[in-house]
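Residues per chain are reported as follows:
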Amino acid sequence: MNAEVARWIDRARHAVALTGAGVSTESGIPDFRSDAGLWRDVDPMDVASTAGFEEDPARFYRFWLPKLETIRNAQPSAAHRFLARLESRGRMQAVITQNIDGLHQRAGSRRVLEMHGSFRTLRCQACGAKMPIERALDSGKPVPQCAECGAERMRPEVVLFGDMLGPVLRDAEQEIREADLLLCLGSSLAVHPVAGLVPLARRTGAKVVILNREGTSMDDEADLVLRGELEDLVREVAAPLGL
Ligand code: NAD
């Protein structure tokens, strides 16, 4: 089966990947819904919604700042590296990711559509000034403040529950319409509207392959489902491609 996927990659005219938190667990960043996931001990609405942020920014940052420190020190996983190598050989046209950790770019992927934004920059809601996350981490402040206008809190440029996705959703749908192969890696494919890209790919004629440790909400939409650890799965798919 893994050799079959390698053959499909080899023959694809426009291959696209859709990734989720599972590509980064090997990098030491927990996913959301696994047993050891981020939502085990907290209510996502407190720490990952716009209402939760507005209500208590200190609680929001107490949860996120240590995780951002982990992300800063994380190294790309086998899956990140595999996708970057495919792109550099002209075999992968885009990575659509739900992740906010920036690890695809650090692995060398260049066309990355970040559906949920990223934690790279914070924005002042009062004056619009931006600040790199490193500066906020190094400031040691429990809630990052605006260096320009002195506002007491800045918001990360991530999509939180309750936010709309911006133009990036249209860009992703366009990639999917052009695709003849969609590889989904490390996502439960349970969060919409991103999960809806999978049936869209089917409708517009792409083959769909899902690589994940456990079942996903979209397994029925897939031409092929590979179950296992991504580290092993990508090694087995990469070998016949000489990557
Ligand atoms: P999810 O937690 O719902 O699903 C992750 C999936 O990956 C699970 O089905 C799990 O079985 C699988 N998985 C985990 N490690 C794996 C491994 N080593 N090999 C194979 N499979 C593995 O995550 P999702 O689908 O991305 O959920 C969407 C939300 O998660 C997004 O909103 C995203 O912003 C957010 N998120 C991102 C990060 C990050 O940036 N790294 C981390 C946590 C959550």
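### Some points on the domain arrangement of the protein chain
Assigned domains within the protein chain: domain 1 (1–29 + 76–116 + 165–243) and domain 2 (30–73 + 117–158). Taking only C-alpha atoms into account, the centre of domain 1 sits 27 Å from that of domain 2. Each side of the interface is counted separately: domain 1 has 17 residues, and domain 2 has 14 residues. In total, about 1,200 Å² of surface goes out of reach between domain 1 and domain 2, with carbon and sulfur atoms giving 53% of it. Counting the contacts that link domain 1 with domain 2 gives one salt bridge. Glu114 serves as the salt-bridge partner of Arg120, at 2.7 Å between the closest nitrogen and oxygen. Counting the contacts that link domain 1 with domain 2 gives four residue pairs in polar contact (both at pLDDT 80 or more). Looking at the side of domain 1 that touches domain 2 residue by residue, the classes come out as five nonpolar, eight polar and four charged.

Cut-offs applied
- Residues numbered from 1 in each chain as written.
- Predicted model: local features only at pLDDT ≥ 70, side-chain atom pairs only at ≥ 80, totals over all residues.
- Heavy atoms only, no water.
- Domains from an automatic or database assignment.
- Contact = heavy atoms within 4.5 Å.
- Buried area = accessible area lost by both parts, 1.4 Å probe.
- Salt bridge = Lys/Arg side-chain N within 4 Å of Asp/Glu carboxyl O.
- Polar contact = N/O pair within 3.5 Å; in protein donor to acceptor, adjacent residues only side chain to side chain.
- Nonpolar A, V, L, I, M, F, W, Y, C, P; charged D, E, K, R; others polar.

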